[in-house]
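Each chain, written out:
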Amino acid sequence: MSELIDALNQLQKEKHIEKEVIMQAIEDSLVAACNRDFGKNAVVKVNMDRETGDISVYVEKTVVEEVEDPATEISLADAKMIRFHYELGDVVNIEVTPKNFGRIAAQHARSVIVQKIKEEERRVVFEHFAHKEKDIVTGVVQRCNGKNISVSLDDKTDAVLTEKEQVKGEVFKPTDRIKLYIVEVKDTNKGPKILVSRTHPELVKRLFEKEVAEVYDGTVEIKSIAREAGSRTKIAVASNDPNVDPVGACVGINGARVNAIVSDLRGEKIDIIEWNDDPAVLIENALSPSNVISVEVDEEEKSARVVVPDYQLSLAIGKEGQNARLAAKLTGYKIDIKSESQAAELSEELDFGGDFDEMEDFDLEAPAEETEEVSELTEAAESSSEEEESFEEEIPEEPEQ
C-alpha cells in the first residue's frame, strides 16, 4: 500500500487535497462494504495506517457471560484467551480482515479518490468565484447557444450569458474578450453555477474601480448610479479629499480613463456629475448637459419642479425622456421639467387665481357720502314702485262681450 501513500502525497501537493480527508473517506467506504458481509448488527471498524497504508478490519464485541448474538457479543472465556485482563462489559476489538481484502480495499480506494478529486475541484472553483461575487471578470466568448452565449472564465469554468443579461445591440463572436459582472455563485450537485451580466449597473461601478485609482482607494466615492444598458449611464461622484476633483479624476487626462470604460461597454455614453447633499444642486447637476434656471424641491414628496431655458427643454428631457429619467433614478426624486415660457404662463395663471381669491376675502365698504346717496335712490325707487301699483288698481276692467 506504499504506492497509495505516495499517490495521496502527490494529490495533496498538486490538488491541495488533504491526505487525511481521503484516508478517512476510504475507511468510511470500507466500513460500508464490510457491513454487508458481517451483518447490520455488527459494529465494524476499519483502520488505515497513516504511514504504511496497510488496512485492517475489526469487529467490536461486548464481553458477556452467555452469548446471545455472536455478531456483537463474546464470552468471557473467549475474551480472556485474547487478553487475560478482559472483564464482563468490556469491549473487545477482534481483527477480521479478509484474506483478499487488499484487492477490495484498492478498488474502494480508487473510487473514493476519484470522487474526492472531483468534489475538491468543484469546491476550489466555487470558492474561487465566490470571492469574486459582485465583482467583474474577463471572459472569452466560446459559442452562441441560441440566444444565450457561452463564455469561458478560465480553463475549467464556463458561464452562460443569458439573453436577459445581454445588452441589446451587442454582437459577439468566438474568441472575443468581454467584461462580465458576477451576480451570484451557486453551489450545485453538478458544480458551481455562475450567473453573469452585462446589463447590471454595478458593472460600470466596478469598471471605474479598476480604471480609476482614486475610486479604488476610496478617495473618490461613487454615490449613486443610474444606467440604461447599451445607451447611457449617469454616475454621481464625491471626493473625500478637498484637493481632488472627483469628476476630473474619473474622466482622466484627455478623457483617457472614461474612454477606456466606454470601450469596455462598447460605446455606451457615460455622464459623470458631482454629488451634492443639497437635493436642488444635485438635481441641477444630474440634468447635465442642460442648463437649469431654477429648482424647487419638495423633500417630503421627493419631487422637484425644474425650469430650463426654452431652447434647452428638449436637451433637458433627452431623447424619449432618457435624460430626465436617468436624472430621476440618480437622485431619487420625481422631476417635473418646464421651459421658461411654460413656467411663466403657469405663474400668471396662478397669480390671477390668487388675486381673485384674495378679493373674496376683502371686506369692501363704500364711503359714507356714497352710502347716503344710495339710500336716497333706493327710497325713490320704492316710492315709484308703489305709485305704479296704485295706478294699475284704478284702471277699470273692460266689460265682457
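Here is what the cut-offs are and how they apply
- Residues numbered from 1 in each chain as written.
- Predicted model: local features only at pLDDT ≥ 70, side-chain atom pairs only at ≥ 80, totals over all residues.
- Heavy atoms only, no water.
- Helix = DSSP H or I, 4+ residues; strand = E, 2+ residues; numbered from the N terminus.
- Buried < 20%, exposed > 50% of the residue type's maximum accessible area, 1.4 Å probe, protein only.
- Contact = heavy atoms within 4.5 Å.
- Areas by Shrake-Rupley, 256 points an atom, 1.4 Å probe, with all protein chains shown as cover.
- Pairing = 2+ DSSP bridges.
- Axes fitted to C-alpha atoms, helices over the stretch in contact; angles between N-to-C directions.
- Patch = residues over 30% accessible without salt bridge, like charges linked within 9 Å, V, L, I, M, F, W, Y side chains within 5 Å.
- Salt bridge = Lys/Arg side-chain N within 4 Å of Asp/Glu carboxyl O.
- Lys, Arg positive; Asp, Glu negative; His and termini not counted.
- Charge placed at Lys NZ, Arg CZ, Asp CG, Glu CD.
- Phe/Tyr/Trp six-rings, centres within 6.5 Å; stacked < 30°, edge-to-face > 60°.
- Lys NZ or Arg CZ within 6 Å of the ring centre and 35° of its normal.
- Left-handed = near helix turned anticlockwise from the far one by under 90°.
- Nonpolar A, V, L, I, M, F, W, Y, C, P; charged D, E, K, R; others polar.
- pLDDT = per-residue confidence, 0-100.
- Polar contact = N/O pair within 3.5 Å; in protein donor to acceptor, adjacent residues only side chain to side chain.

Engineer: Go over the overall build of the protein, please, and point to the residues and values.
Structural biologist: A tally of helices and strands in the protein yields 13 helices and 15 strands. Residue burial in the protein is summarised as follows: out of 401 residues, 33% are buried. Looking at the protein alone, contacts between residues at least 24 apart form 56% of all its contacts between residues at least 6 apart. Accessible surface, the protein: about 25600 Å² in total, of which carbon and sulfur atoms supply 48%.

Engineer: How would you summarise the pairing of strand 7 (residues 158-161) if you had to cite specific residues and measurements?
Structural biologist: In strand 7, alternate side chains face the same way, and those of Ala-159 and Leu-161 are buried while those of Asp-158 and Val-160 on the opposite face are not. In terms of strand pairing, strand 6 (residues 148-152) meets strand 7 through four bridges, oriented antiparallel. Its bridge partner lying in strand 7, Val-151 is registered against Ala-159. Between strand 6 and strand 7, which pair antiparallel one after the other, the connecting turn spans five residues.

Engineer: Describe the sheet that holds strand 10 (residues 220-228), with residues and values.
Structural biologist: Sheet architecture is open: three strands sit in the order 10-11-12, paired in mixed fashion. Where the open sheet ends on each side, the last strands, each with one partner, are strand 10 and strand 12 (269-274). Geometrically, the sheet is characterised by an average inter-axis angle of 20 degrees between neighbouring strands, direction not taken into account. Note that strand 10 and strand 11 (residues 232-239) share eight bridges and pair antiparallel. Bridged to Ile-222 within strand 11 is Val-237. Its contacts with the sheet place helix 9 (residues 279-286) against strand 11 and strand 12, and it is angled at close to 155 degrees to strand 12.

Engineer: Outline the side chain of Ser-75, listing residues and values.
Structural biologist: Tracing the chain through its elements places Ser-75 in strand 3 (residues 73-75). According to the relative accessible area criterion, Ser-75 is buried, its value standing at 16%. Ignoring anything within four residues of it in the chain, the contact list for Ser-75 reads Val-63, Val-64 and Val-67.

Engineer: Run through a negative patch on the surface, naming residues and quoting values.
Structural biologist: A cluster of acidic residues, Asp-277, Asp-278, Asp-298, Glu-299, Glu-300 and Glu-301, forms a negative patch on the protein surface. By the secondary structure assignment, Asp-277 is in the loop between strand 12 and helix 9. Given a relative accessible area of 69%, Asp-277 falls into the exposed group.

Engineer: Explain the packing of aromatic side chains to me, and be specific about the residues and the numbers.
Structural biologist: Applying the stated criterion across every chain, the model contains zero aromatic pairs. Just above the ring of Phe-84 sits the side chain of Lys-80; from NZ or CZ to the centre is 4.9 Å.

Engineer: Outline the sheet that holds strand 15 (residues 334-339), supporting the account with residue identities and numerical values.
Structural biologist: Read across the sheet, three strands follow the order 13-14-15 without closing on themselves; strand pairing throughout is mixed. With partners counted over all chains shown, the strands left at the sheet margins are strand 13 (294-298) and strand 15, one partner each. On average, each strand axis in the sheet is inclined to that of its neighbour by 15 degrees, with strand direction left out of account. As judged from the five bridges shared by strand 13 and strand 14 (residues 303-308), these two strands associate in the antiparallel manner. Following the sheet pairing, Val-295 is matched in strand 14 by Val-306. Its contacts with the sheet put helix 9 on strand 13, strand 14 and strand 15, and the angle it makes with strand 13 is roughly 130 degrees.

Engineer: Requested: an account of the environment of Glu-299, with residues and values cited.
Structural biologist: Considering the arrangement of structural elements, one finds Glu-299 in the loop between strand 13 and strand 14. Here the alpha-carbon distance between Glu-299 and Pro-279, two residues 20 residues apart in the chain, equals 8.2 Å. Not counting residues within four places of it along the chain, the set of residues in contact with Glu-299 comprises Pro-279 and Tyr-333.

Engineer: Summarise the packing of helix 9 against helix 11 (residues 322-331); cite the residues concerned and give the values.
Structural biologist: Where helix 9 meets helix 11, the axes come as close as 9 Å, and the angle between the chain directions of the two elements is 145 degrees. Crossing angle aside, the handedness with which helix 9 passes helix 11 is right-handed. Taken together, the residues of helix 11 that come into contact with helix 9 (itself represented by Leu-282, Ile-283 and Ala-286) are Ala-327, Leu-330 and Thr-331. Its residues placed into classes, the contact of helix 9 with helix 11 shows five nonpolar, one polar and no charged.

Engineer: Provide a residue-level description of the confidence of the model for the protein, including the pertinent values.
Structural biologist: Averaged over every residue, the pLDDT of the protein is 83; the share at 70 or more is 86%. Contacts of residues 354-378 to residues separated by more than four positions or lying in other chains number one contact, the stretch itself having pLDDT below 50. Under a pLDDT of 50 for its full length, residues 380-401 has, in the predicted model, zero contacts with residues more than four places off or in other chains.

Engineer: I'd love a proper account of the environment of Thr-233, names of residues and values included.
Structural biologist: In this structure, Thr-233 sits in strand 11. Along the primary structure Thr-233 and Val-204 are separated by 29 residues, whereas in three dimensions their C-alpha atoms are 8.3 Å apart. Setting aside its immediate chain neighbours within four residues, Thr-233 contacts Val-204, Ile-225, Ala-226, Arg-227, Glu-268, Lys-269, Ile-270 and Asp-271. Within the local environment of Thr-233, its side chain forms a polar contact with the side chain of Glu-268, the two groups lying 2.5 Å apart.

Engineer: Lay out the side chain of Glu-228 in plain terms, naming residues and giving numbers.
Structural biologist: You can see Glu-228 is positioned in strand 10. We classify Glu-228 as buried; its relative accessible area is 18%. For Glu-228, the contacting residues outside a window of four places in its chain are Glu-268, Gln-322, Arg-325, Leu-326 and Lys-329.

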